[in-house]
Amino acid sequence: MEYISTRGGTGAVDFEGALFSGYAPDGGLFMPSCIPSLDRATLKQWSSLSYPELVKEICFLFVKPELIPRSTLSDLIDRAFSKFRHKDVVHLSRLKDGLNVLELWHGVTYAFKDLSLSCTGQFLQYFLEKKQKHVTILVGTSGDTGSSAIESVRGQKNVDIFVLLPKGLCTQIQELQMTTVIEDNVHVFVVHGNSDEIDEPIKEVFADVDFARRNNVMSLNSVNWSRIMVQIAHYFYAYFQCTPTLDSTPLPVVEIVVPTGGGGNITAGCIAQKMGLPIQLVAVVNSNDIIHRTVKDGDFSLSGRVKATLASAMDIQEPYNVERILWLLSGSDSHLTKTLMEQFTVSKSLKLPEGLHRKVSETLRSCSASDEDIVKAMKRCWEENHYLLCPHSAVAVHYHYSHLDSCASGTPRCCLAPASAAKFQDAVLRAGLVPEIPPEITALKAMETRFAVLKRGEDWTQVLRDRITAVEQWWGKQGAGLTPPGLQGVNGQA
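Counting from 1, residues in each chain are numbered in the order their sequence is written. Totals for whole chains, interfaces and linings use all residues, but because this is a predicted model, local features are given only for residues with pLDDT of at least 70 and pairs of side-chain atoms are given and counted only at 80 or more. With hydrogens and water set aside, each side-chain value is computed from the structure's full complement of heavy atoms.

The protein chain is annotated in an unreviewed UniProt entry as Threonine synthase-like 2 from Coturnix japonica. Annotation of the protein chain in UniProt includes, under Sequence similarities (unreviewed entry), the sentence "Belongs to the threonine synthase family." UniProt positions are given in the numbering used here, feature names are shortened, and annotations may be inferred rather than shown by experiment. In UniProt, the protein chain has this text filed under Cofactor (unreviewed entry): "pyridoxal 5'-phosphate".

**Student:** For this particular structure, what's the right way to read the pattern of salt bridges?
**Tutor:** Pairing between side chains of opposite charge can happen when the charged atoms of each approach one another. Basic side-chain nitrogens of Lys or Arg form a salt bridge, by our definition, when they fall within 4 Å of a carboxyl oxygen of Asp or Glu. One pass over the structure, following the stated rule, counts 22 salt bridges. The partner of R305 in a salt bridge is E197, and the shortest N-O contact between them spans 3.8 Å. Of this pair, R305 sits in the loop between α12 (290–297) and α13 (322–329) while E197 sits in helix α8 (residues 195–207); the two residues are 108 residues apart in sequence, bridging distant segments of the chain. A relative accessible area of 56% means that R305 is categorised as exposed. The buried label goes to any residue with under 20% of its type's maximum accessible area, the exposed label to any with over 50%, and the partly exposed label to all in between, with areas taken from a 1.4 Å probe on protein chains only. Look at E197 and you get partly exposed, because its relative accessible area is 21%. Helix numbering and strand numbering both begin at the N terminus, where a helix is a DSSP run of H or I of at least 4 residues and a strand a DSSP run of E of at least 2.

**Student:** Explanation requested: the packing of aromatic side chains in the structure shown.
**Tutor:** The geometry of an aromatic ring pair is captured by the separation of the ring centres together with the interplanar angle, meaning the angle of the planes. Working definition: a ring pair exists when centres of Phe, Tyr or Trp rings (six-membered ring for Trp) sit within 6.5 Å. Plane angles under 30 degrees give stacked, over 60 give edge-to-face, the rest tilted. What the rule picks out here adds up to 14 aromatic pairs. Relative to F81, the ring of Y51 has its centre 5.8 Å away and its plane inclined at 55°; by these criteria the two rings are tilted. Of the two residues, Y51 sits in helix α3 (residues 51–62) while F81 sits in the loop between α4 (70–80) and β3 (91–94), which places them 30 residues apart along the sequence. There is no split in this pair, since Y51 and F81 are both buried.

**Student:** Looking at this model, I keep getting lost on α8. Mind explaining?
**Tutor:** Along an α-helix, residues three or four apart share an orientation, since each turn contains 3.6 residues. Helix span is expected to be 1.5 Å times the residue number reduced by one. With 13 residues, α8 should reach 18 Å at 1.5 Å per residue; the first-to-last C-alpha distance of 19 Å fits that figure. In what follows, a contact means two residues having at least one pair of non-hydrogen atoms within 4.5 Å. In this structure, the buried side of α8 is in contact with β5 (135–140), β6 (159–166), β7 (186–191), α9 (209–214), β8 (217–219) and α21 (460–476).

**Student:** What am I meant to see in the sheet that holds β5 here?
**Tutor:** Two pairing modes exist for strands in a sheet, parallel and antiparallel, and in both the strands are linked by backbone hydrogen bonds. Spatially, β8-β5-β6-β7-β13 is the arrangement adopted by the 5 strands of the open sheet, whose pairing is parallel. What marks the edges here is a single partner per strand, and that holds for β8 and β13 (452–454). Across the sheet, the axes of successive neighbouring strands diverge by a mean angle of 25°, strand direction being ignored. Relative to β8, β5 runs parallel, the two being bridged by 3 bridges. Opposite T136, over in β8, you have V217 as the bridge partner. Axis definition: a line fit to C-alpha positions, over the contact stretch in the case of helices; interaxial angles, taken between N-to-C directions, run 0 to 180 degrees. Sitting on the sheet, helix α6 (residues 145–153) touches β5, β6 and β7, and the angle it makes with β6 is about 165°. When DSSP finds two or more bridges between two strands, those strands count as paired.

**Student:** Just checking my understanding: could you explain the sheet that holds strand β11 (residues 364–368) for this structure?
**Tutor:** Pairing is mixed across the open sheet formed by 6 strands, whose spatial order is β3-β4-β12-β9-β10-β11. The open sheet has two free edges, formed respectively by β3 and β11, since each of these has just one partner strand. Between one strand axis and the next, the sheet turns by 25° as a mean value, whatever way the strands run. α12 contacts β10 (279–285) and β11 of the sheet and is inclined by roughly 135° relative to β11.

**Student:** Looking at this model, I keep getting lost on the UniProt feature "domain: Tryptophan synthase beta chain-like PALP" (unreviewed entry) in the protein chain. Mind explaining?
**Tutor:** Per the UniProt entry, the sites bearing "domain: Tryptophan synthase beta chain-like PALP" (unreviewed entry) are residues 105–398 in this numbering. Taken end to end, residues 105–398 has its terminal C-alpha atoms 19 Å apart, with 50% of it in helix and 14% in strand.

**Student:** Help me understand the UniProt feature "modified residue: N6-(pyridoxal phosphate)lysine" (unreviewed entry) in the protein chain in this model?
**Tutor:** Those residues carrying the UniProt feature "modified residue: N6-(pyridoxal phosphate)lysine" (unreviewed entry) are K113 in this numbering. With respect to the helices, strands and loops of the structure, K113 is situated in helix α5 (residues 113–131). For K113, a relative accessible area of 11% gives the class buried. Contact partners of K113, with chain neighbours within four places excluded, come to D144, T145, S148 and R227.

**Student:** How should I be thinking about a negative patch on the surface in this particular structure?
**Tutor:** On the surface, E204, E458, D459 and D466 cluster together into a negatively charged patch. On the secondary structure map, D466 appears in helix α21. The patches reported here contain residues having more than 30% relative accessible area and no salt bridge. Joining distances are 9 Å for like charges and 5 Å for nonpolar side chains (Val, Leu, Ile, Met, Phe, Trp, Tyr). Using the Shrake-Rupley algorithm and a 1.4 Å probe, accessible areas are obtained, with residue cover drawn only from the displayed protein chains. By the counting rule applied here, Lys and Arg register as positive and Asp and Glu as negative, while His and the ends of each chain are not counted. Throughout, a charge is located at the NZ atom of Lys, the CZ atom of Arg, the CG atom of Asp or the CD atom of Glu.

**Student:** What is the right way to read the packing of α3 against helix α10 (residues 225–242) from this model?
**Tutor:** Two quantities define a packed helix pair, namely the angle between the axes and the distance from one axis to the other. Contact geometry for α3 and α10: axes closest at 9 Å, N-to-C directions at 130°. As the angle between them shows, α3 and α10 are arranged oblique. Where α3 crosses over α10, the handedness of that crossing is right-handed. Between α3 and α10, the contacting residues are Y51, L54, V55, I58, C59 and F62 on the first element and W225, M229, V230, I232, A233, H234, F236, Y237 and F240 on the second. Each residue is assigned to one of three groups, with Ala, Val, Leu, Ile, Met, Phe, Trp, Tyr, Cys and Pro labelled nonpolar, Asp, Glu, Lys and Arg labelled charged, and all others, Gly among them, labelled polar. Of the residues that constitute the contact of α3 with α10, the class distribution is 14 nonpolar, 1 polar and no charged. Throughout this description, any angle smaller than 35 degrees is read as roughly parallel, any larger than 145 degrees as roughly antiparallel, any in the 65 to 115 degree range as roughly perpendicular, and the remainder as oblique. The crossing is said to be left-handed when, going from far helix to near helix, the turn is anticlockwise and less than a right angle, and right-handed when the turn is clockwise.

Below you can see the structure in the form of C-alpha cells.
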C-alpha cells in the first residue's frame, strides 16, 4: 500500500512517510493509491469482531507488515486502547424511536479523537524508538483535537508538541485539558483568533518544505492519514451493530449521521463506503454550513466569518478534508483536485463542476442545525430517554428527530456521538438540564496552568518557527544538560 498526494505533485510514500507528514509537499493530502474492496464473506466474518479487532483489521489493510509486523501492530493498538473507560472502548446506546447513539468518547479526554490519536501516538513511538529520531508535532484545535493529541504524546522523550487553540472559543474544560498539562514536551499557545485563522500559520510552516523537513515537523490534525485510517473502523462497527441481518441480498443499508467540522470523520466514512460497506452517510453541521452547501448546491465557498456556536469544535469554515472527498469522488483525479483547491485558496469561493457535485450529492446527504435546534434536541433526548447529549452529538440527533419517517420506514440509523456532555456544561445548562461532571473534570479547575499567548499584530508564523527551531537545536545537541526550551514557568494571561 502506497500513499499519493491528492494534487499529484509528489512521489508516492509508504505508511511511515504519510504518518510523519502534515500536508504533502505539493500542498495536497495523502490518500491510499488504491482503496481495498471487501467481499460479502469478509463483511460477515468481521461482523462478530469487537471494535479494537476491527481497528486492527483495517490497519492490516493499510500498513504493510514489512513496516510494522502484524503482531506488533496488534500490540500497539491494544496499548492505545488500554486507558479507555468502557470495556468495549466504544458503546452503542439504543434509545427511543430508533435512535442509536454510538458513543465514541470513552477515552481520557472524553472525545472521539482519543480513538485515532491514541493509536497514532503508538505508531509514532514505534518508528521513533526504532530510528532514535525526534519530531515536532504542530496542531491547531477548535476544541478536542489539541487535548487528545497532547494525551497521545505527553512526556515522550522524542516528541515535542505545539498546540494552538483559539482564545475564548473552546469551553473552559477543553482549554483546561490542554493548559494544565505541565510537561517539558508540551507547548500550548492561546491565540487571539478563530479556528480557521490559527490554521494559517500552521499551513505556512508546512508550506516551507525545507524548514519542515529540517526540523522534523509533522501534524496530528486530521490532515494526517493515520487518523483517517483508524476512524474507518467507526463505520464498520456502527454498521454491524445496527444492521438487522447479513443474510439478505443485497445487504441492508444503514444510515450513519456524522457531526462534521474539519471533515476527517466523514472522509473515513466515504472510504468505508468505497470499500463496500452498504451505508448512507449524512454530514451534519452547525451554522458554519459550508459542507451542507457543498452537498446541497455544489457551493464550496466561505460565507463571512466563523460563527461561534454551542457545537464549538465544529466552528470551522474551511474543512480541509473536503479535498480528500473531492479527490475520492472524482475518481482520484489529481489534476482536477489541484485546480479546484488552488482556486479555493485564492478566492475562497468554488462552484463544483456539475458531474462532481452529482457524485458528492449521491454519496452524502447533509443537514445544518442552529443553536436553537441543538438545544431542542438535547432537551427532547433527555425528556424521552434521560440521556445527556453533548451539543455536537445533538446536531446529529436533530437530524434524526427531523427525519423520523425515514427511520420508521425500516432503514436503521446510527448517530455518531463525538464527545461527552461533561465537556460542555454551559450548553447543558442552556438546555435547562443538569450537567453530570466526572471528578477528573472537576479537578481540572484547581490545577496549575501553563501557556503562551499569541496576540493580533504578532507574526504568529515567525513565533512558531523560532520556538520550533530552538527545540530542534536543543535536541540536536542531545540536551547537553540544558533545560529544554519552551514554556517553563509561564502561567500566561490571555
